[in-house]
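So the chains spell out like this:
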Amino acid sequence: MQIEKHNIDESNQYNFQRHKRRFENVAFNINNVEETLQKLMDFQVAIPSWALGTGGTRFGRFSGGGEPRSLEEKIEDIGLLHKLNNSSSAISLHIPWDIPFDTNNIKALAAHNGLRFDAMNSNTFQDQPDQQLSYKFGSMQHVNKAVRRQAIEHNIDVIKYGIELGSKSLTVWLPDGSNFPGQLNFKKAFQYTLQSLQEVYNALPDDWKMFVEYKAYEPNFYSTTVGDWGQSFLYTSKLGPKAYTLVDLGHHLPNANIEQIVSLLLMEEKLGGFHFNDSKYGDDDLTVGSINPYQLFLIFKELVEGMDARGMSHSTGLAWMIDASHNVKDPLEDLLQSVEAIMIAYAQALLVDSTALAEVQQSNDVVNAQEILQQAYRTDVRPLVAEARLRSGAALEPLQLFRELQVREILIKERGSKTVSTGL
Ligand code: LRH
Ligand code: MN
């Protein structure tokens, strides 16, 4: 299924007058609107290869049909998203769910769809059919050296796939931990994990990064060996300058102040990137900005302030990735909404008058501090984000066009209603 330029042009023609009025209305109050638009056009989000099908829970999975049956079809689906919003120009692969068997063909297909390969993801949270040793009691923390070796070798294999594809980073999320008090020696688990990560780190090419992703709980429900930002920071500080902490928004205990975590990791030059999603309770992997859009805005406010303080490029300084699972929404519609929510939070953060904020912070004018933040948060920046899409040749209304073109119906005709894609 291809979306052609004329499809986008016709849709934009239909929406242009209404957009023009709304854009001029918001642009009128923004002094550096051209600079802001350029930043929005440059900002690209990586789409996870494991979130293009219907997700599920242990209680059930309700397939929507037309799901990609191969890595090639996943790349086509992400290419389709990128055509619609021109903000999704990267794919993040998960191995072995998406092994690029024919690397040259996969690279050519990705390039044809305007896509590059972002972070590679290893998987030591499932036992593969041909696997020698089980990860039941962990992988890099395991008391059995041979199991740790197996996990190290797998991660090194993942790096090799990434090198062939032009990726420049590896995300390591370890499910390791324990379910009961007494089950695990925390210090040994930490030391085995650090030794194992160090061997993977030593296998990284010079221009690569390693992202150590933390998570409070699940699949273990008593302790997790990379359980919070402090533990991840400990590992990445001991590993070396190519190791960074990856923040998955759903991996925190309730009410954690994620924007404060982000500001400190950025200050310490140990923030590597994000897995964007949203949640109300646990690792719910819901649509970005669907539950707590104010938190997402506050996180981007810290990111813009912190990156500007260090002269970092907003578009390439950190890894911007989505990590979601779609139990009831169409996967592609869900991802379009997630990218839109990220762009909106970023645009709102760019509108924060940081000079005025610094002044009222200096005078402890708490009331005005909130006024300054919410002035930006309550600005309807959607016409700005839409204008950035228009100028980069994408659709003013991606979701509307996705539905008008009956993309899902066509994919179901092409692929069938019962296809299941690899992933969560
Ligand atoms: C773990 C996680 C990790 C991925 C997996 C698909 O919860 O966030 O990033 O490997 O989801
Ligand atoms: Mn994640």
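The paragraphs below set out a description of the structure included in this document. Predicted model only: the values in this text are computed from it and were never measured.

From N to C terminus, the protein chain includes 15 helices and 11 strands. The C-alpha radius of gyration of the protein chain comes to 22 Å, within 12% of the 22 Å expected for a compact globule of 424 residues. Counting only C-alpha atoms, the protein chain reaches 65 × 60 × 40 Å along its principal axes. When each of the 424 residues of the protein chain is scored for burial, the buried share is 55%. Sequence-distant contacts in the protein chain: of pairs separated by 6 or more residues, those separated by 24 or more amount to 80%. Of the side chains in the protein chain, 39 bear a positive and 53 a negative charge, and the two mean positions are spaced by 3 Å.

In this section: the pairing of strand β10 (residues 271–276). Buried residues dominate β10, accounting for six of its six residues. Pairing between strand β9 (residues 243–248) and β10: four bridges, direction parallel. Bridge assignment links Leu246 to a residue of β10, and that residue is Gly273. In this region the chain leaves β9, passes through helix α8 (residues 258–267) and returns to the parallel neighbour β10; the handedness of that crossover is right-handed. With four bridges joining them, β10 and strand β11 (residues 319–322) adopt parallel strand pairing. Across the sheet, the residue bridging to Phe276 is Ile322, located in β11. Handedness of the crossover joining β10 and β11 through helix α9 (residues 293–309) is recorded here as right-handed.

Moving on: the nonpolar core. With 100 residues, the main nonpolar core has Phe274, Phe300 and Leu303 as its most contacted residues. Looking at this core element by element, the count peaks at 13 residues for helix α10 (residues 331–350). Those residues in contact with Phe274 that sit more than four places away from it in its chain are Leu246, Val247, Leu249, Val262, Ile299, Leu303, Leu318, Ala319, Trp320 and Met321.

Let us now look at unusual backbone geometry. Look at the link from Ile95 to Pro96: it is a cis peptide, with omega at 10°. Within the secondary structure, Pro96 is located in the loop between β2 (90–92) and α4 (103–112). With an omega dihedral of 10°, the bond running from Glu218 to Pro219 counts as a cis peptide bond. Notably, Glu218 is not glycine yet its phi reads approximately 75°, a positive angle. Mapped onto the elements of the fold, Glu218 is located in the loop between β7 (209–213) and β8 (223–224). Note on Glu218: relative accessible area 35%, which makes it partly exposed.

Rules used throughout
Residues numbered from 1 in each chain as written. Chains lettered and ligands numbered in written order. Predicted model: local features only at pLDDT ≥ 70, side-chain atom pairs only at ≥ 80, totals over all residues. Heavy atoms only, no water. Helix = DSSP H or I, 4+ residues; strand = E, 2+ residues; numbered from the N terminus. Rg over C-alpha atoms; globule rule 2.2 N^0.38 Å. Buried < 20%, exposed > 50% of the residue type's maximum accessible area, 1.4 Å probe, protein only. Contact = heavy atoms within 4.5 Å. Lys, Arg positive; Asp, Glu negative; His and termini not counted. Charge placed at Lys NZ, Arg CZ, Asp CG, Glu CD. Pairing = 2+ DSSP bridges. Right-handed = clockwise from strand over helix to strand, strands pointing away. Core = buried A, V, L, I, M, F, W, Y, C linked by side-chain atoms within 4.5 Å.

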